[in-house]
Amino acid sequence: MNPWPTTRQGAKDHSVTTLQFLLLAHGQTVTVDGVFGAQTGDAVRAFQWAKNLPDNGVVCPATWEALIVEVRPGARGNAVRGVQQEFPTEVDGVYGPETERAVRAFQQDAAILVDGVVGRTTWQALVGGVEAPLQQAA
């Protein structure tokens, strides 16, 4: 299993977009643009402070652990968008059949429990750098 990434100001990778959606899911104000700028840093520090974590603006394993939200079929909202943006699927915030297929394929490719539920292990694999599978043509 890949470790949680350390994500900080200046980062511009897929984990930043996921981070921004998770911050929104926790009520923080942030623009989802895939760039870890000042606004994202402020939202991270506010989240860390609220969770009694060191409020240094650096997203380390403890912050990722506090940010993750279990996502399962039928779920809706920004945490679902955070999952969806990791795949070549529509980012609509609704965990429907297309999202479930993508999650299950990812779990199988990552050799983790294939249950369609995005819990700690699946989140860690997603943001830790395991490549998401490309969507198969129907």
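For the structure, see preceding data.
This text gives an overview of the structure that appears in the document.

What counts and how
Residues numbered from 1 in each chain as written. Predicted model: local features only at pLDDT ≥ 70, side-chain atom pairs only at ≥ 80, totals over all residues. Heavy atoms only, no water. Core = buried A, V, L, I, M, F, W, Y, C linked by side-chain atoms within 4.5 Å. Buried < 20%, exposed > 50% of the residue type's maximum accessible area, 1.4 Å probe, protein only. Helix = DSSP H or I, 4+ residues; strand = E, 2+ residues; numbered from the N terminus. Contact = heavy atoms within 4.5 Å. Axes fitted to C-alpha atoms, helices over the stretch in contact; angles between N-to-C directions. Parallel < 35°, antiparallel > 145°, perpendicular 65-115°, else oblique. Left-handed = near helix turned anticlockwise from the far one by under 90°. Nonpolar A, V, L, I, M, F, W, Y, C, P; charged D, E, K, R; others polar.

### Quick word on the nonpolar core
Counting residues in each nonpolar core, the largest one holds 30 residues, and the members touching the most others are Leu-19, Leu-23, Trp-64, Leu-67, Val-71, Val-118 and Trp-123. Elements supplying a minimum of two residues to this core: helix H1 (14-25), helix H2 (38-50), helix H3 (61-67), helix H4 (78-84), helix H5 (97-109) and helix H6 (120-127). In this view, Leu-23 contacts Gln-28, Val-30, Thr-40, Ala-43, Val-44, Phe-47 and Leu-67; residues no more than four positions away in its chain are not counted.

### A short note on the packing of H1 against H2
In the contact formed by H1 and H2, the axes pass within 11 Å of each other and the chain directions differ by 50°. On the basis of the axis angle, H1 is oblique to H2. Crossing angle aside, the handedness with which H1 passes H2 is left-handed. On the side of H1, the interface is formed by Leu-19, Gln-20 and Leu-23, while H2 contributes Thr-40, Ala-43, Val-44 and Phe-47. Across the contact of H1 with H2, the residue classes break down as five nonpolar, two polar and no charged.

Purely spatial values, then, with no claim about function.
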